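Structure at a glance
So the chains spell out like this:
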Amino acid sequence: MKKSIGLFLFLCAITAHAEKLSLVGGTVITPADGKVMPNATVVINGDKIERVSIGKQDASSLGKQIDCAGKFIIPGLIDTHVHFFQSGDLFTRPDGADFNSVRPYKDEVTWIKSHLDDVFARYIRCGITSVVDDGGPMWNFEVRAKANATAKAPRVAAAGPLISSVSREKLDLGDPPIVKIESPEQAREFVRKLADKKADFVKIWYIVDQDHPIEAFRPIVRATIEESHAHNTRVMVHATELETARAAVEEGADILVHSVLDKPVDDAFVKLLKDRHTILCPTLVVFERYGRVFSHQLNLTTEEQSWGNPEVIASLDVTKIPQDKLPDRIKSALADPKTSLDRIKQTYDVALPNLKKLEDGGVTIAAGTDAGNVGTIHGPALFREFQLMKQAGLTDMQILQCATVNAAKLFGGPVGAGLGQIGEGYLADLVVLRSNPADDIAHASDIDTVIKNGVIYPADSILR
Ligand SMILES: [Zn+2]
């Protein structure tokens, strides 16, 4: 008797999971080939897309029908650069601006760990059904496991602690997100430790300054990449100067994160990235946010104000901090906001044309925000990133490609191979929009319904 109840429950679970449903009569947009298909039907069986058909369909083959007439269906969006160990609030990077006297960093991390379900849901609310965590403490891998076991959470691929030429003591609570590596052998040893944790990526923080010239750290970059590739793990490199980025790609970096900010990229650099199939993730939004927060010039988008965590957003008003507890960096930014804004403009004057040149040159660009950094809001920051990509001169369809099919390539692995497209056999991660994002990428946030892993979430119900 007991056995048959067990079997009955097992069969119920299978049936619930394998329920067939169809999105009927919407306009399906497939950024991979730039097609816009009106009056289409997407049939979903369990967690996968069974087929996409055009025109009137035989109702008996559709399962539960969801009327999508007048709506637009795109693949689930992917943010390929976030950090779950950072909240986006004012206190999250004490190495940049130390507020330990206002809120101890230990308390900040405790808060972050206790709000993971909240941050996961905010990604789903924004139609972001997969994200890449570009590095953090070893507990990043627990975040990945938690997300991948949670229905209302994005799929997560993750890097562990960053391999760097510099250390950041203020972030070190015993499990540091950034680790100073001093020899190629030490790098190899650390990569093996990351491989044991099944890191999806190894991340290098290639910081260059007077004390740390490009060539000094290059043997460590080389050893890290060699050892990572020997473990079939791809390497992402933070490199924001042209020559640093070039060195990283020459050494075999698979992914460059952030843009080149110091000078215009040259043709040889564009060709190098294209020939080596290096993916670049520009993270434009993060470049304006530290400066705007610190100088009290923050202008969050409507999406960020609506769907960002309210506690995080409230913390970003630096004028609420007692004067005697303000770090000097913020005191000077407050005294002279124009300098902060000018610096942001100078950054974009280089970064935006560079993005356009790389896109035109055929380099694979994956959308990403660096969310979690001060003022870069987990979830909706991606819509600000889209605005900046458009300002750079990318078309609406190119931006959709960057945030779906290209981002899926960056995500990688067997899961990445099932992401970013609408077609037979792909994972059923979709966003149903009320207006057409191929006409204007701003419509990508006009979200009606989010579908992740074949489960439907009416957008307005997600954060309730
Ligand atoms: Zn980052």
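We now turn to the structure provided with this report.

So, how was this worked out
- Residues numbered from 1 in each chain as written.
- Predicted model: local features only at pLDDT ≥ 70, side-chain atom pairs only at ≥ 80, totals over all residues.
- Heavy atoms only, no water.
- Pairing = 2+ DSSP bridges.
- Helix = DSSP H or I, 4+ residues; strand = E, 2+ residues; numbered from the N terminus.
- Salt bridge = Lys/Arg side-chain N within 4 Å of Asp/Glu carboxyl O.
- Buried < 20%, exposed > 50% of the residue type's maximum accessible area, 1.4 Å probe, protein only.
- 1 Å grid on protein atoms, 1.4 Å probe; cavity = no way out; pocket = protein on both sides within 12 Å on 5 of 7 lines; lining within 4 Å.
- Points joined across faces, edges and corners; volume = space filled by probe spheres on them.
- Nonpolar A, V, L, I, M, F, W, Y, C, P; charged D, E, K, R; others polar.
- Contact = heavy atoms within 4.5 Å.
- Polar contact = N/O pair within 3.5 Å; in protein donor to acceptor, adjacent residues only side chain to side chain.
- Donors = N, O, S within 2.8 Å, 3.2 Å for Na, K, Ca; no water.

A word on the sheet that holds strand β13 (residues 255-257)
- Across the sheet, which stays open at both edges, the seven strands sit in the order β10-β9-β11-β12-β13-β14-β15 with parallel pairing between neighbours. If you trace the sheet from one side to the other, it starts and ends with β10 (178-180) and β15 (364-365), each paired once.
- The sheet contact formed by strand β9 (residues 162-164) and strand β11 (residues 201-205) spans two bridges and is parallel. Across the sheet, residue Ile163 finds its bridge partner in β11, namely Ile204.

Some words on the pattern of salt bridges
- Evaluation of the coordinates by the stated rule reveals 35 salt bridges.
- The closest approach of N and O atoms between Arg246 and Asp266, which form a salt bridge, is 2.9 Å. Within this pair, whereas Arg246 is found in helix α7 (residues 242-250), its partner Asp266 is found in the loop between β13 and α8 (267-276), the two being separated by 20 residues in sequence.
- Overall, the relative accessible area of 14% leaves Arg246 in the buried class.
- Its relative accessible area of 26% is what places Asp266 among the partly exposed residues.
- Of the charged contacts, one joins Lys345 and Asp349 as a salt bridge, the two residues approaching to 2.8 Å between their closest N and O atoms. Taken together, the residues Lys345 and Asp349, both in helix α13 (residues 337-360) and four residues apart, mark about one turn of the helix.
- The exposure class of Asp349 is partly exposed, given its relative accessible area of 45%.

Let's talk about the layout of surface pockets
- Considered as a void within the structure, the largest pocket measures approximately 1,200 Å³ in volume.
- Residue lining of the largest pocket: 39 residues in total, with His238, Val286, Phe287, Tyr290 and Arg329 positioned closest to the centre.
- Residue assignment for the lining of the largest pocket shows that the elements contributing at least two residues are β11, α9 (286-294), α12 (328-335) and α13.
- Residues that form the lining of the largest pocket fall into these classes: 15 nonpolar, 15 polar and nine charged.

A word on the environment of Tyr206
- Following the sequence through the fold, Tyr206 ends up in the loop between β11 and α6 (214-230).
- In this structure, the C-alpha to C-alpha distance between Tyr206 and Ile462, residues 256 residues apart in sequence, is 38 Å.
- Sequence-distant contacts of Tyr206, defined by excluding residues within four places in its chain, comprise Ile214, Phe217, Arg218, Val221, Val237, His238, Ala239, Thr244, Ala247 and Ala248.
- At 2.8 Å, the side chain of Tyr206 and the backbone oxygen of Ile214 are in polar contact.

Some words on the coordination of the zinc ion
- Within the first shell, the zinc ion binds the protein through His81 (NE2), His83 (NE2) and Asp370 (OD), at distances of 2.0 to 2.2 Å.
- Spacing between the donor residues of the zinc ion along the chain follows H-x1-H-x286-D. Remark: Asp370 occurs in the loop between β15 and α14 (381-391) and His81 occurs in strand β6 (residues 77-82); sequence separation between them is 289 residues. A single burial state applies to His81 and to Asp370, both of which are buried.

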